[in-house]
Structures are given as C-alpha cells and as structure tokens.
Amino acid sequence: MTSYHPAAVIILAAGEGTRMKSTTPKVLHRIGGRTLLGHALHAAREAAPEHLAVVVRHERERVAAHVGELDGTAVVADQDEVKGTGRACECGLDALPAGLEGTVLVTMGDVPLLTGRTLTELTERHEASGAAVTVITAELPDAGSYGRVVRDVDGDVVAIMEFKDALRHREAGDELAHVVDIREINSGIYAFDAAVLRAALTEVGTDNAQGEKYLTDVIGIARREGRRVAAHLVDDLWQTEGVNDRVQLAALGKELNRRTVEHWMREGVTVVDPDTTWIDADVTIGRDTTVRPGTQLLGATTVGAEVVVGPDTTLTDVEVGDGASVVRTQAELAQIGPGATVGPFSFLRPGTVLGARGKIGGFVETKNATIGEGAKVPHLTYCGDATVGEGANIGAGTIFANYDGVAKHHTSIGRHSFVGSNSVLVAPVDIADGAYVAAGSAIEGRVGPGQIAVARGRQRNVDGWVARRRAGTATAGAAEAALAGQGDGAPPTSPSPTSRPTPTQES
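These remarks concern the structure in this document. (Residues numbered from 1 in each chain as written. Predicted model: local features only at pLDDT ≥ 70, side-chain atom pairs only at ≥ 80, totals over all residues. Heavy atoms only, no water.)

**Looking at the packing of aromatic side chains**
Summed over all chains, the structure comprises 3 aromatic pairs. Taking the centre distance of 5.1 Å and the plane angle of 20° together, the rings of F345 and F363 count as stacked. Of this pair, F345 sits in the loop between β24 (341-342) and β25 (346-348) while F363 sits in strand β27 (residues 359-371), placing them 18 residues apart in sequence. The exposure class assigned to F345 is partly exposed, which follows from its relative accessible area of 46%. (Phe/Tyr/Trp six-rings, centres within 6.5 Å; stacked < 30°, edge-to-face > 60°. Helix = DSSP H or I, 4+ residues; strand = E, 2+ residues; numbered from the N terminus. Buried < 20%, exposed > 50% of the residue type's maximum accessible area, 1.4 Å probe, protein only.)

**Quick notes on helix α6 (residues 194-201)**
Three or more residues of α6 are buried, namely A194, V196, L197, A200 and L201. Buried residues along α6 cover an arc of 165° about the axis, so they all sit on one side. (Arc of directions from axis to C-beta.)

**Focus on a nonpolar patch on the surface**
A cluster of nonpolar side chains, namely F345, F363 and L380, defines an oily patch on the protein surface of about 340 Å² accessible area. Along the polypeptide, L380 turns up in strand β28 (residues 376-388). (Patch = residues over 30% accessible without salt bridge, like charges linked within 9 Å, V, L, I, M, F, W, Y side chains within 5 Å. Areas by Shrake-Rupley, 256 points an atom, 1.4 Å probe, with all protein chains shown as cover. Salt bridge = Lys/Arg side-chain N within 4 Å of Asp/Glu carboxyl O.)

**Observations regarding the environment of E61**
Along the polypeptide, E61 turns up in helix α2 (residues 60-70). Looking at E61, the relative accessible area reads 56%, which means it is exposed. One polar contact links E61 to R60, side chain to side chain, over a distance of 3.4 Å. (Polar contact = N/O pair within 3.5 Å; in protein donor to acceptor, adjacent residues only side chain to side chain.)

**Considering the pairing of β27**
One ladder, built from 2 bridges, connects β24 with β27; its direction is parallel. When the bridges of β27 are listed, V342 appears paired with I360. In this structure, β25 lies alongside β27, joined through 2 bridges in parallel fashion. If you follow F347 over to β27, its bridge partner there is E365. Judged from the 2 bridges that link them, strand β26 (residues 353-354) and β27 form a sheet pairing that is parallel. The residue bridging V353 from the neighbouring strand is T370, located in β27. (Pairing = 2+ DSSP bridges.)

**Observations concerning the pairing of strand β8 (residues 148-151)**
The sheet contact formed by β8 and strand β9 (residues 157-161) spans 4 bridges and is antiparallel. Bridging across to β9, R148 finds its partner in M161. Taken together, β8 and the strand that follows it, β9, pair antiparallel across an intervening segment of 5 residues, in which G155 is found at a positive phi of about 90°.

Shown next, in the form of structure tokens:
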C-alpha cells in the first residue's frame, strides 16, 4: 500500500485578525488547551511532511516564539508588505529548500478542527489524480463571504472567485453574475505541485477588489496552461471552518470539546454529563474512569483507570493514578497517587505530590508539599513547603507556617507521626518518625522520635469573671443559673482542666 506524505506544509499565520478585537494575535487564541496555531501545527505534523513552514507577520516575535516552543524544526517565514494569501504562500515557499519537488500543502493557522488524516487524504487524492492543484471544498447552505468554487460543464474546477469579486459581477450583471449563488466554497486548504506553484506565483498580480495577491489565482493560471485542477469535497464542514471573531472561537471550541468528550466515551470512559464536561485535546484518560458533571480536565492532565473525578472539579496539568477519587477539587501541576482521595473543596497548588492511598480532605490547601503513602491531611489545613512521611496524620486546623515575610522555609513530618488539631508548625521545623504534637501547639523546634511536643500556655480559670465584667447579660444569667444548679448537687457542666486524659485530638 502506497504511503503518501507531502514534501512540505506551509501554514499561513500572518494575519492580524482585527475582528477578534484583541491585543493577542488571532492565531494565539486558544480552544481545547491549544492555540489555533497549535492545532494547525499538530495537524500538519500528523501528515508527516519533510518540511514545515509557518508564515508570520502581525506580532511577528510573539507568533514566531510560539512556533519555536511547539515545533523547533519548523521554519518561520516572514511575509513582507505585499498583502494577500498568494504573497504569504510565496514567502513560505521561499523559506523552503530551493528546487523543492513534490506536493506542497497550504493550510491556515485559524482552522483548528482540520485533522492530519484529512491532510493525508488530500495528499493521496492529489498525487493519485495527477492534478497540478487540489483544493478542499465544502458545500454550505449559505456560503456567506467564502470564496466560490467555479466548475465547468464537466465538473472540473476552473476558478475560485473571492466573494467581493463575485459581488462585483452580480452588480455588473455579466456572465459571471451567478457565481455569488454557488454553495460550494473554498476552504483555503490546498495541495499544489511545487513547481507549478512556484512558477504561477510569479504571475499573480493584485488587480482585484482587495488589491491583494490571491493564492486562488494560481488555479486560473494552472488551467490556462492546460493543467488539471481537482477538488476534494469533505462532508465534515467543521474542518473547513475558520475563526474570525470570538463568536466563532466559542462555537469551534464547543464543537472540538464535543468531539473530544465523545472520543473518550468510546474509549471506555463514563462521562455522566457531556454538556458540562470540558476535556482538552492533550488530556489522556484510562478505562472505566467516571467523570462527573461540572468537571474540567485541562492542559496535559493524565487520569488513570477506574478513577472518579468530580463533580465540580478542575484539574490543570495534573497526574492522577489508578483508582483515585478527586471530588470538588481545583488542582494544578500536582500528582495524585493510585488509590488516593482528594476533596471535597480542596485546592492543590503546584508542587503537590500525594502518595498512594493518601488523603487530602475537605478545605485543605497544599503547595510544594510531598505527602507520603497512606498519609492523611484530612481537613481545614494549609500544608505548604512540606514533606509529610508515610502514614502520618495531620489534625484538623493545622497550619504549616512556611513564610516569615522574606523567605519560605520547609517543614518535615516523619513517618507515622501525629500532629494534633489546631497546631501551628513554624518552619523550618523537623518532626521525626513516630512523634506526636499535642493539639493546639505552636512548634518551633525539632521533635525527636517517640517524643510528644506540647507547646501551649497552661489553662487558668478565673472565678466570678462573668458576674463582674458582664453583669446583666444573658451569659451572666446562664452562669448564675448553672452555679445555682451545682449548689443543689448537680454535676459540673465541664471537666476540670486537670482531668483531661490526653493532650491530642484524633482526626
């Protein structure tokens, strides 16, 4: 079986995109976790070309830098002051090796749903037919402002006419007045014979409604020379849709997400409510995982098998191990180990690593924290710049006081150690394996193995204080009644401070 690969792909990404009304270049706007240009580069690379060029102009440095980040082997070509897709393509061709032969694909940087498979099919059709030019086309109920594909009586493509030029013919009432009513549109995506393209571009002028050098004029030149122009009609209209404004950006983003969610469902993932689930293009998910409503899996997030994620969870660049549970959580640049549980209402900031079967519970915030296998940070805790050893237990309300106003400091909790509720660990501090911290303590120094640290003021009860300082209040009345009841032999309402059995509180 013949394998078809283009000699080169040229991506046109020089436009300003004024209708976006943005300081960000149009091709750098994002859907599905990638920029529009990122989607174009991904599709181009899937077609496996020998060479890849991206033509830039508006915000040249920003766009070129982004190309370098995504594809270090792509060539960046600069479009000069001459406007138009024809000139952009010419600049891209000039940046490729001289004398390049074979098929050159031309795509755009703002058509994010175009796939590498479609580009491969275009290459195959173009080379198998022996055409000089092959254009991807689509039929729309309303062709709008797209360029029209003009065919002869035999069905061959004879020209592509830009919408404004078609309107001029309509107004003139000449023999081409009907072109504006044609429903088959030009996608702007082509396959060219490299030699034909190079020669034809030298002939293309700017005598048109826009005063631009149109790439579409190459078709007329090829026909004039007796060469064949073919069309590759696609049924998936979304692959030909470009982004010109924020409305189209949202529409294409929604459609891309629908396709991504459907893909993962067909791969064995349960998505309870696809309409409220957003999954970026670079996310991976294992089988038998359940994604509950209101969940966003973003960036390069990887989710293992048999995981439960959500509801109301956002994971960005997070790694989740098999069998974990993540509920009502926001996490970024974090790792969640196999069988671990997170949430609800947890916030995992960058640098969080939760070990296998570990727990980060409700209303817990973590940052730059490694929490060992089977360790627990169950609730109401801030754990930053810390190492929590295997099997350790951090009581409710514990604060890792890691910042002194100038620098961050580290806290280390040993294996199977226990920190009582409402404690403050003033970093830098080291609590050894098998140690205890009494509830309500403020720890500033090392706690050795097997020790218990008690760092709190001794309780002192002052008799009669309420009667003296809060006379006439409801509190004073309640105290008076309680004291009267005790005088009648009733038991005390609270234990004596000296009767408390332990200095810790289990979580």
